[in-house]
Structure formats: structure tokens, C-alpha cells
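# Per-entry structural report
In case you want the letters, here they are:
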Amino acid sequence: MSSPFDAVENASTLGGVVVGAVVATLGSFAASWYERGLLRREREADAALVFGELLRTLSIQITVLRAAHARGDPFGPITIRMARAVRREVDIYDRNRERLFTVRDAALRPQASAVMARLTFALDRILDSTEALATQPSEDECAELATSRDQAFEFLVECAGQLPPLVARFAALANSRLADVDLETIGLGAVRQDQG
């Protein structure tokens, strides 16, 4: 026959089991939540580093493009090759664009997308105008295409000025300092400013 003490002992054991189960569940939930947060921050930092490096490389390549444009024929073969290289860098950005959504900065994402859209428009206009000029259009069409290409190049340079602040913001999100690139050490002098 069980005594009242057995019932109390059974109830306290059951209470201990219930409390232990609740504590274990809460601990598991907290650990899982913490792990998901860490993983999300790691993915965000990784994406920010990728975009910081991509935009920095793009900025350097546009600087090289400007240097090519400032020497000899402004839209000669070297300049156009450099413009195509810059366009390929934009393609790399496009292939990685989905990763931009792991960046939680709601202002940075659209700013980066808008700058890249403008750069793409300018580059495509430069390359399309160059191809159209190669078909030997009429004199009026030639003048219009040349003007359009000049304006697109100016727009490209203007938009490229927005890249360094974006690079800095992505680097800060990645908690990383991107190495400074000295153009002199890689064989590129300062870009000659247009006289005018």
C-alpha cells in the first residue's frame, strides 16, 4: 500500500521531469536561434565582402578605362576593349545579384542596384554606339552616335564616383578592410584630367 509520502515523492519527481523537459526545450530553442543568427550574419558578411570586392574591382577597371580614354583616340581599340572588360565585371555582379538579398541594410541594396543599373546603361550605350559607328552610317547619324557615346562615357564616369562609398559600406558590413590599390604600383599613372 502506498503512503501519502509516495504520492508526494512521485509528484515531485514528475515535476522535476517536466521542469527538466521545459528547460531542455528552451535551451535547445535558444541555441538554435543563436546558431541561425550567427549563420545569417556570416552569410551577410560573406555577401558584403563579395560585393565590396566586386565594386572595388569595377571602380579600378573604370579608372583604367578613363586612363585609356585619355590617351590617343578616346574610343580607340584599347578603350573599347577596356569597356568590354568593365562590362564583363558587371556581368559577374549580375550573376551574384541574388546574394545581395542576404545584406540586411535596406538602404544599401537599392543604392547598389541603382548604381549598377546606371553603369550598365552607360556601358551598353558606349559599346552599342561604337558598333553602330563601325557600320559607316550617314554623316548625321555618325554625329548623333558620337555625341551619344560621349554623353554615355561622361555618365559612366559620374556614376563610377558613387562606387567608393558603396565599397566602404560593404566592407564595414563584412567587418573587413579591403586593401588599398595604388594604381602607380600596378603600372597605371594618374588619370589625366580633360583640359577645357
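In this text the structure is predicted, and so the values were computed from the model without any measurement.

## Quick word on the overall build of the protein chain
Across its full length, the protein chain holds 5 helices and 0 strands. Each helix and strand of the protein chain, ordered N terminal to C terminal, gives the series α-α-α-α-α. Put simply, 78% of the contacts in the protein chain that link residues at least 6 apart link residues at least 24 apart. Working note: accessible area of the protein chain is about 12,400 Å², and carbon and sulfur atoms make up 57% of it.

## Examining a negative patch on the surface
Together, Glu 139, Asp 140, Glu 141 and Glu 144 make up a region of like negative charge exposed at the surface. Topologically, Glu 144 is positioned in helix α4 (residues 139-160).

## What to know about the packing of aromatic side chains
Going through the model one piece at a time under the given rule, you end up with 4 aromatic pairs. Consider the rings of Phe 75 and Phe 153, whose centres lie 5.8 Å apart with planes at 90°: the pair is edge-to-face. In this pair, Phe 75 is assigned in the loop between α1 (4-69) and α2 (77-96) and Phe 153 in helix α4, connecting sequence segments 78 residues apart. For the residue pair Phe 75 and Phe 153, the accessibility class agrees, reading buried in each case.

## As for the nonpolar core
Among the nonpolar cores identified, the biggest contains 35 residues, and Leu 55, Leu 58, Ile 62, Leu 119, Leu 156, Leu 163 and Phe 170 are the most heavily contacted of them. Elements with a contribution of two residues or more to this core: α1, α2, α3 (108-133), α4 and α5 (163-173). Here this core takes 9 residues from α3, the largest share from any one element. Setting aside chain neighbours within four positions, we find Ile 62 in contact with Val 86, Leu 119, Leu 156, Ala 160 and Leu 163.

Conventions and cut-offs
Residues numbered from 1 in each chain as written. Predicted model: local features only at pLDDT ≥ 70, side-chain atom pairs only at ≥ 80, totals over all residues. Heavy atoms only, no water. Helix = DSSP H or I, 4+ residues; strand = E, 2+ residues; numbered from the N terminus. Contact = heavy atoms within 4.5 Å. Areas by Shrake-Rupley, 256 points an atom, 1.4 Å probe, with all protein chains shown as cover. Patch = residues over 30% accessible without salt bridge, like charges linked within 9 Å, V, L, I, M, F, W, Y side chains within 5 Å. Salt bridge = Lys/Arg side-chain N within 4 Å of Asp/Glu carboxyl O. Lys, Arg positive; Asp, Glu negative; His and termini not counted. Charge placed at Lys NZ, Arg CZ, Asp CG, Glu CD. Phe/Tyr/Trp six-rings, centres within 6.5 Å; stacked < 30°, edge-to-face > 60°. Buried < 20%, exposed > 50% of the residue type's maximum accessible area, 1.4 Å probe, protein only. Core = buried A, V, L, I, M, F, W, Y, C linked by side-chain atoms within 4.5 Å.

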